[in-house]
Amino acid sequence: MLAFFINERKSMKVILITGSSRGIGKEVAKYLAKKDYQVIVNYNKSENQAIKLKEELKKENINIDIFKADVSIRQEVKALVDFIINKYKRIDILVNNAGISSTNLFTDISDEEWDRVIKINLYSAFCVTQEIVPYMIHQKKGCIINISSIWGQVGASVESLYSISKAGIDAMTKSLAKELGPSNIRVNSIAPGFINTDMNKNLSEKEIETIKNETPLEKLGKAIDIAKCINWLIEDDFTTGQVISINGGWIIT
Ligand code: NAP
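My aim in this report is to walk through the structure given alongside it, one point at a time. Treat the numbers as computed from the prediction; the structure is a model and nothing was measured.

Scanning the entire structure with this criterion turns up nine salt bridges. Put simply, Asp 198 and Arg 22 hold a salt bridge, and the shortest N to O gap is 3.1 Å. Here Asp 198 is found in the loop between β6 (185–192) and α8 (205–214), whereas its partner Arg 22 is found in the loop between β1 (14–17) and α2 (23–33), with 176 residues between them in sequence. The salt bridge involving Asp 92 is made with Arg 90; its shortest N-O contact spans 2.4 Å. Using a relative accessible area of 29% as the deciding quantity, one classes Arg 90 as partly exposed.

Here's what the structure looks like:
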């Protein structure tokens, strides 16, 4: 029975979600773990939340791995990827989700802030993808999903640095889709609009209500909306190089 269980888990698709002990990443991790993917939850600062998530899923007989790594640091990314490859010998799906917000007038952005935001939002996706792609090429199959933002598509006043980092993500998505398509690796971006997570905790109730009123579907986005789109992208076979906006119609390009 145990041997059967172990074999069964070995045949499960292995998925890494960066920054997934809270927010959008956590919801994605829960959704896919319940669909029988072998989920690796990466966290950096939120260790307690990662442990809590593991325990919560264990109660439902679902086993996930949790692994601490600052994905903006090459050595930590290498350790994360080594852990996955040593344990599962493969990696099928990568979700580059880790990110931070940045609000500042363009003229007030310091070099330090530029480096920090670009490192965490853009370099991290570059670095994790670079470490993982050779394994996907070897497997002749893979699916990479980058979480960008509507602001990467249309730009945001007082959030130019964040927008620049997310536009970079979308450019990486399109270029890699072309480069890796012949290796049967699909690369797509999901560009969320407003999603109710800690990232937006500085917005007032009035500001949130305004966003809701400006949204044709007259509701706010939830992390589960992103999880469902990720699940669809994983199961799909013919979508690559696309930026999929999940925003209730708030921004239509
Ligand atoms: P969140 O609740 O603030 O969560 C951010 C996540 O990123 C946390 O799990 C955090 O992990 C992780 N993270 C940050 N720096 C990291 C690092 N150096 N290494 C590893 N993990 C790191 O934000 P969210 O709303 O879930 O955002 C997730 C993604 O969606 C981000 O890329 C964000 O830009 C994008 N997005 C969000 C919205 C929105 O409205 N919420 C809209 C568009 C796009 P630790 O806590 O462990 O450090």
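This brings us to the sheet that holds strand β5 (residues 142–147). The seven strands are arranged β3-β2-β1-β4-β5-β6-β7 in an open sheet whose pairing can be described as parallel. If you trace the sheet from one side to the other, it starts and ends with β3 (65–68) and β7 (243–246), each paired once. In this sheet, neighbouring strand axes are inclined to one another by 20° on average, regardless of whether the strands run parallel or antiparallel. Where strand β2 (residues 38–43) and β3 come together, four bridges link them in parallel fashion. Counterpart to Tyr 43 in the pairing with β3 is Lys 68.

This part covers the packing of helix α5 (residues 111–139) against helix α7 (residues 160–180). Following both chains from N to C, one finds α5 and α7 inclined at 15°, their axes separated by 9 Å at the closest point. Taken together, the axes of α5 and α7 lie roughly parallel to each other. Considering the relative orientation of α5 and α7, their crossing is right-handed. Taken together, the residues of α7 that come into contact with α5 (itself represented by Glu 113, Trp 114, Val 117, Ile 118, Asn 121, Leu 122, Ala 125, Phe 126, Thr 129, Val 133 and Ile 137) are Leu 161, Tyr 162, Ile 164, Ser 165, Lys 166, Gly 168, Ile 169, Met 172, Leu 176 and Leu 180.

Moving on, we come to α2. For α2, the complete set of buried residues consists of Ile 24, Gly 25, Val 28, Ala 29, Lys 30, Leu 32 and Ala 33. Here the buried face of α2 lies against β1, β2, α3 (47–58) and α9 (223–235).

This part is about helix α4 (residues 74–88). Look at α4: 21 Å from first C-alpha to last across 15 residues, which is about the 21 Å you get at 1.5 Å a residue. Regarding α4, the residues found buried are Val 77, Leu 80, Val 81, Ile 84, Ile 85 and Tyr 88. The buried residues of α4 all sit within an arc of 125° when viewed along its axis, so they share a single face. For α4, exposure combined with an orientation more than 90 degrees from the buried face picks out Gln 75 and Asn 86. Looking at the buried positions of α4, the neighbouring elements they touch are β1, β2, β3 and α5.

As a further point, take the site of the ligand. Neighbouring the ligand are 30 residues; Ile 24, Ser 46, Asn 97, Tyr 162 and Thr 197 lie closest to it. Contact distances for the ligand include 2.8 Å between an oxygen atom and a backbone N or O atom of Asn 44. Residue Asp 70 places a side-chain N or O atom 2.8 Å away from a nitrogen atom belonging to the ligand. For the ligand, whose accessible area on its own is 890 Å², the fraction buried by protein is 95%. Going through the elements one at a time, α2, β2 and α7 are the ones with two or more residues in the shell around the ligand. When the residues that make up the shell around the ligand are grouped by side-chain class, the tally is twelve nonpolar, 13 polar and five charged.

Conventions and cut-offs
Residues numbered from 1 in each chain as written. Predicted model: local features only at pLDDT ≥ 70, side-chain atom pairs only at ≥ 80, totals over all residues. Heavy atoms only, no water. Salt bridge = Lys/Arg side-chain N within 4 Å of Asp/Glu carboxyl O. Helix = DSSP H or I, 4+ residues; strand = E, 2+ residues; numbered from the N terminus. Buried < 20%, exposed > 50% of the residue type's maximum accessible area, 1.4 Å probe, protein only. Pairing = 2+ DSSP bridges. Axes fitted to C-alpha atoms, helices over the stretch in contact; angles between N-to-C directions. Parallel < 35°, antiparallel > 145°, perpendicular 65-115°, else oblique. Left-handed = near helix turned anticlockwise from the far one by under 90°. Contact = heavy atoms within 4.5 Å. Expected span 1.5 Å × (residues − 1). Arc of directions from axis to C-beta. Near = heavy atom within 4 Å. Polar contact = N/O pair within 3.5 Å; in protein donor to acceptor, adjacent residues only side chain to side chain. Areas by Shrake-Rupley, 256 points an atom, 1.4 Å probe, with all protein chains shown as cover. Nonpolar A, V, L, I, M, F, W, Y, C, P; charged D, E, K, R; others polar.

Any functional reading would require information beyond the geometric quantities listed.
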